[in-house]
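# Descriptive analysis of the structure
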Amino acid sequence: MKPHLALLFFTLVVLMNACLQQPAENCVHALHHRDEQLMARVDSIINPSAGAPSEAKRKALELLLPEEELLFCDARQCDFGNDLTAYHYWHRGRLKFPGKIEMALKKLYQ
């Protein structure tokens, strides 16, 4: 078998396997749960009664920023099925505008 044919065959097998796999468990509830937990942590950091200095808040928020970015990435890849409420929450709300962490960081930098 020629090398380019072997590569083509391997590519077809991989693509067929990916297409035949059942979609992952509905991610809507997992995204909602992760979002609630993240927002609760953010609120506890930016809460004015917390009394933490701005530098400490900034560092804590910067540590949470990659988690928010991962959450957004997962939301973009989620299949919302017929759940239009969740779809609109993510695609017309959370993903369309800067996240709460990013906005809080901009406020602290000003």
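Heads up: these notes are all about the structure in this document. (Residues numbered from 1 in each chain as written. Predicted model: local features only at pLDDT ≥ 70, side-chain atom pairs only at ≥ 80, totals over all residues. Heavy atoms only, no water.)

Take the nonpolar core next. With 19 residues, the main nonpolar core has Leu31, Leu38, Val42, Leu61, Phe80, Trp90 and Ile101 as its most contacted residues. Of all the elements in the fold, those that place two or more residues in this core are helix 2 (28–46), helix 3 (54–77), helix 4 (84–94) and helix 5 (100–109). The element that contributes the greatest number of residues to this core is helix 2, accounting for six residues. For tryptophan 90, the residues in contact, after removing those within four places along its chain, are Leu31, Asp35, Leu71, Phe72, Ala75, Phe80, Leu95 and Lys96. (Core = buried A, V, L, I, M, F, W, Y, C linked by side-chain atoms within 4.5 Å. Buried < 20%, exposed > 50% of the residue type's maximum accessible area, 1.4 Å probe, protein only. Helix = DSSP H or I, 4+ residues; strand = E, 2+ residues; numbered from the N terminus. Contact = heavy atoms within 4.5 Å.)

Before going further, it helps to examine the state of the cysteines. Think of a disulfide as a covalent bridge from one cysteine sulfur atom to another cysteine sulfur atom. Counted by the stated rule, this structure contains one disulfide. Note on cysteine connectivity: cysteine 27 is disulfide-linked to cysteine 78, with sulfurs 1.7 Å apart. On the sign convention where negative is left-handed, the bridge of cysteine 27 and cysteine 78, at about 110 degrees about the S-S bond, is right-handed. On the criterion of sequence distance, the pair formed by cysteine 27 in the loop between helix 1 (3–20) and helix 2 and cysteine 78 in the loop between helix 3 and helix 4 is long-range, its members being 51 residues apart. The exposure class of cysteine 27 is partly exposed, given its relative accessible area of 22%. (Disulfide = S-S within 2.5 Å.)

Let us now look at helix 3. Over its 24 residues, helix 3 extends 34 Å from the first C-alpha to the last, a length consistent with the 34 Å expected when each residue adds 1.5 Å. Approximately 30 degrees is the largest bend angle found in helix 3, and it occurs at leucine 64, with the proline proline 66 only one to four residues beyond. (Expected span 1.5 Å × (residues − 1). Bend = angle between axes of the 7 residues up to and from the residue.)

All chains considered together, the criterion is met by eight salt bridges. The partner of lysine 100 in a salt bridge is aspartate 43, and the shortest N-O contact between them spans 2.4 Å. Here lysine 100 is found in helix 5, whereas its partner aspartate 43 is found in helix 2, with 57 residues between them in sequence. Owing to a relative accessible area of 32%, lysine 100 belongs among the partly exposed residues under this scheme. Taking the relative accessible area as the measure of exposure, aspartate 43 reaches 34% and is therefore partly exposed. Linking arginine 58 and glutamate 55 is a salt bridge whose minimum nitrogen-to-oxygen distance equals 2.1 Å. One end of the pair, arginine 58, and the other, glutamate 55, are both in helix 3, three residues apart, so they sit about a helical turn from each other. On the accessibility criterion, glutamate 55 (40% relative accessible area) is partly exposed. (Salt bridge = Lys/Arg side-chain N within 4 Å of Asp/Glu carboxyl O.)

Among the structural elements, tryptophan 90 can be located in helix 4. Its relative accessible area of 3% is what places tryptophan 90 among the buried residues. Distance in space between the C-alpha atoms of tryptophan 90 and cysteine 78 is 10.0 Å, their sequence separation being twelve residues.

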